[in-house]
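Analysis of the macromolecular model
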Amino acid sequence: MPDIFVAPFLIFVLMTYQDTIDYLFTRLPMFSRMGAAAYKKDLNNTWALCEFLGNPQSKFKSIHIAGTNGKGSVSHILAAIFHKAGYKTGLYTSPHLFDFRERIKLSGDSGGLKEIPEQFVIDFTERIKPEIEKIEPSFFEITVAMAFEYFANEKVDIAIIETGLGGRLDSTNVITPELSVITNISADHTQMLGNTLAEIATEKAVIIKNVIPIVIGETNIETENVFQKTALEKNAPIFFADKTRAVADWKWDHHLLNISVTQPHQMDSKQYQLDLTGLYQTKNLLTVLEAVTQMSNQGWQIAEADLLEALQHSKKISGLKGRWEILNSRDPLVIADVAHNEAGIKELVKQIELTPHRNLHIVFGMVKDKDIDNALALLPKNATYYFTKAQIPRALDEEALQKQAARHQLRGQVYSNVNLALYATSLHAKKDDLIIICGSIFLVGEVYPQCIEAIWGGGPKASTFENIINLILHLP
């Protein structure tokens, strides 16, 4: 009797976009969930992934941006400027607020940057799975490789690449850019980057490459020598943005920030309008202008009209969110801002003081590995607080936060969800009050537009506690 061979059936299960994202989030060590445990202390995995992909990082030109605060804003504004100037522009930033695809964007046909297609994310993940199983990379390492592959495939003219953490061991630090930018240095991620500003600057200064110009956004007596020394060693021309220009004046006008900028040896000031209205954007503007100057000196063509137009519409062009973002413009004014460390909260408090309001309500949550006491010490004591948390393991429990805040004379109730906390503010805030959501990027990322619309929108309102609870429970 002959042998019977039964051909096995091969079952191919096609992953959806959501399946792919779930795989990436759960299979790979992710800093937003795990903190320092997800931080890889060398670039070996990134180099291995790039080699597997044919070294896409060497197939496009780039600007590399690091810094403690402001690097996200500077990255998005520069991307808007190069896009408006007619260059096919890529943008890589992190973390995302709502959808993973916010991290990787490309010039689109409809006047702005468009998020990476879902199908590319699916196909790339399927292709890279053997390497994932082989080398066990982090979530950030995979997303950097994905961005590089996408930009190389799309043949971008320029890619704006924001570092994730630090500089020396950041996965993005395998590129050789046209220009390096370090916005500023302040205390953040000290457990990984160092306890002094000089130590943190040393980590970030490693993005300075041989003979590649470097722009430093803010001069600081503790870090200036670090950058000067590194630039000298690398024979890299160095430019301090706040030494080449200064903000002479600013004012808000119809949700635009008007800024007057002066330069040494020039009689007249130049006027700029930004649709990013956080007062801290005055510092970021100086960094952006110096970066544009240095790129222009290398032959990149950026017309003054395109620059002005991009600044006025950078939020719309780039899709940047969470920077003094107006979620509700009146009755009351509701603002979301991703300020989450000491320097960021100092700037936020300045802006709160300059914003007309009667009573102040602050929806606040932090992650465990931040300098929580220093942040709490800066917050206004005359506000009503709504302590909450993002839905990630790193988030500090809202009751623990409430107890810690009480030691700084900050009082308020606890809520398990930022949208519930927002609903609570609607029960107490009056017409001329101000509501701020801050303390964690991830907290701001969980504020759903549906809830804003339900609570303060002009249409049908989920005006009962039961309805808003039902809405929140059925959010994605």
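Anyway, here's the lowdown on the structure attached to this text. As the structure is a computational prediction, the values presented were derived from the model and not from experiment.

When you go through the chain residue by residue, the secondary structure sums to 20 helices and 17 strands. Within the chain, buried positions represent 57% of all 476 residues. Considering only intrachain contacts with a sequence separation of at least 6, the fraction spanning at least 24 residues in the chain is 72%. Here the chain displays about 21000 Å² of accessible surface, and carbon together with sulfur accounts for 53% of that area.

Strand order in the open sheet formed by six strands is E12-E13-E17-E14-E15-E16, with mixed pairing between adjacent strands. Each edge of the open sheet is held by one strand with a lone partner, namely strand E12 (325-328) and strand E16 (412-414). With direction set aside, neighbouring strand axes in the sheet form an average angle of 20°. Sheet topology places strand E14 (residues 360-364) next to strand E15 (residues 384-387); four bridges connect them, and they run parallel. Its bridge partner lying in E15, His 361 is registered against Thr 384. Against the sheet, helix H17 (residues 418-428) engages strand E13 (333-336), E14, E15 and strand E17 (434-438), with an angle of about 170° to E14.

This structure, assessed with the given rule, holds 16 salt bridges. In this structure, the salt-bridge partner of Arg 101 is Asp 99, at a minimum N-O distance of 3.3 Å. The class of Arg 101 is buried, set by a relative accessible area of 17%. For Arg 358, the salt bridge is made with Asp 432, and the minimal N-O distance between the two is 3.7 Å. Placement of the pair is Arg 358 in the loop between helix H14 (342-354) and E14 and Asp 432 in the loop between H17 and E17, with a sequence separation of 74 residues. Under the relative-accessibility criterion, Asp 432 is labelled partly exposed at 42%. A network of salt bridges, in which partner residues are shared, links Arg 27, Glu 133 and Glu 136.

A few words on H14. Its 13 residues give H14 an end-to-end C-alpha distance of 19 Å, which sits within 8% of 18 Å, the value for a rise of 1.5 Å per residue. Considered for burial, the residues of H14 that qualify are Gly 344, Ile 345, Glu 347, Leu 348, Val 349, Gln 351 and Ile 352. For H14, the elements touching its buried residues are strand E9 (246-253), helix H11 (281-297), E14, helix H15 (372-378) and E17.

With omega at -10°, the peptide bond leading from Ser 94 into Pro 95 counts as cis. By the secondary structure assignment, Pro 95 is in the loop between strand E2 (89-92) and strand E3 (104-107). At Glu 136, a residue that is not glycine, the phi angle is positive and equals roughly 55°. Its place among the elements puts Glu 136 in the loop between helix H5 (118-135) and helix H6 (139-153). Residue classification places Glu 136 among the partly exposed residues on the basis of a relative accessible area of 38%. Of note in the backbone geometry, Val 211 takes a positive phi value of approximately 60° without being a glycine. Within the secondary structure, Val 211 sits in the loop between helix H8 (197-204) and strand E7 (214-216).

Turning to the pairing of E17, a few remarks are in order. Within a regular beta strand, the side chains point alternately toward one face of the sheet and then the other, so they alternate between its two faces. Where burial is concerned, most of E17 is hidden: five out of the five residues are buried. Along E17, one buried face is formed by Leu 434, Ile 436 and Cys 438 and the opposite face, lined by Ile 435 and Ile 437, is buried too. Two strands pair when backbone bridges link them, and E13 and E17 are joined in this way by four bridges, in the parallel orientation. In the strand pairing of E17, Leu 333 is matched with Leu 434. For E14 and E17, the ladder comprises five bridges, and the chain directions are parallel.

Pairing within the open sheet is antiparallel, and its three strands lie in the order E9-E10-E11. Strands with a single pairing partner mark the edges of an open sheet, and in this sheet they are E9 and strand E11 (270-274). If you compare each strand with its neighbour and ignore which way they point, the axes differ by 20° on average. Pairing of strand E10 (residues 256-262) with E11, which is carried by five bridges, proceeds in the antiparallel orientation. Bridged to Val 261 within E11 is Lys 270. Its contacts with the sheet put H11 on E9, E10 and E11, and the angle it makes with E10 is roughly 55°. Contacts between helix H12 (residues 304-312) and the sheet are confined to E10 and E11, with E11 contributing the most and set at about 40° to the helix.

The residue Thr 183 is located in the loop between strand E6 (179-182) and helix H7 (190-193) in this model. Judged by relative accessible area, Thr 183 falls into the buried class, the value being 1%. Setting aside chain neighbours within four positions, we find Thr 183 in contact with Ile 65, Ala 66, Gly 67, Thr 68, Asn 69, Gly 70, Lys 71, Val 74, Gly 217 and Glu 218.

The rules behind the values
Residues numbered from 1 in each chain as written. Predicted model: local features only at pLDDT ≥ 70, side-chain atom pairs only at ≥ 80, totals over all residues. Heavy atoms only, no water. Helix = DSSP H or I, 4+ residues; strand = E, 2+ residues; numbered from the N terminus. Buried < 20%, exposed > 50% of the residue type's maximum accessible area, 1.4 Å probe, protein only. Contact = heavy atoms within 4.5 Å. Areas by Shrake-Rupley, 256 points an atom, 1.4 Å probe, with all protein chains shown as cover. Pairing = 2+ DSSP bridges. Axes fitted to C-alpha atoms, helices over the stretch in contact; angles between N-to-C directions. Salt bridge = Lys/Arg side-chain N within 4 Å of Asp/Glu carboxyl O. Expected span 1.5 Å × (residues − 1).

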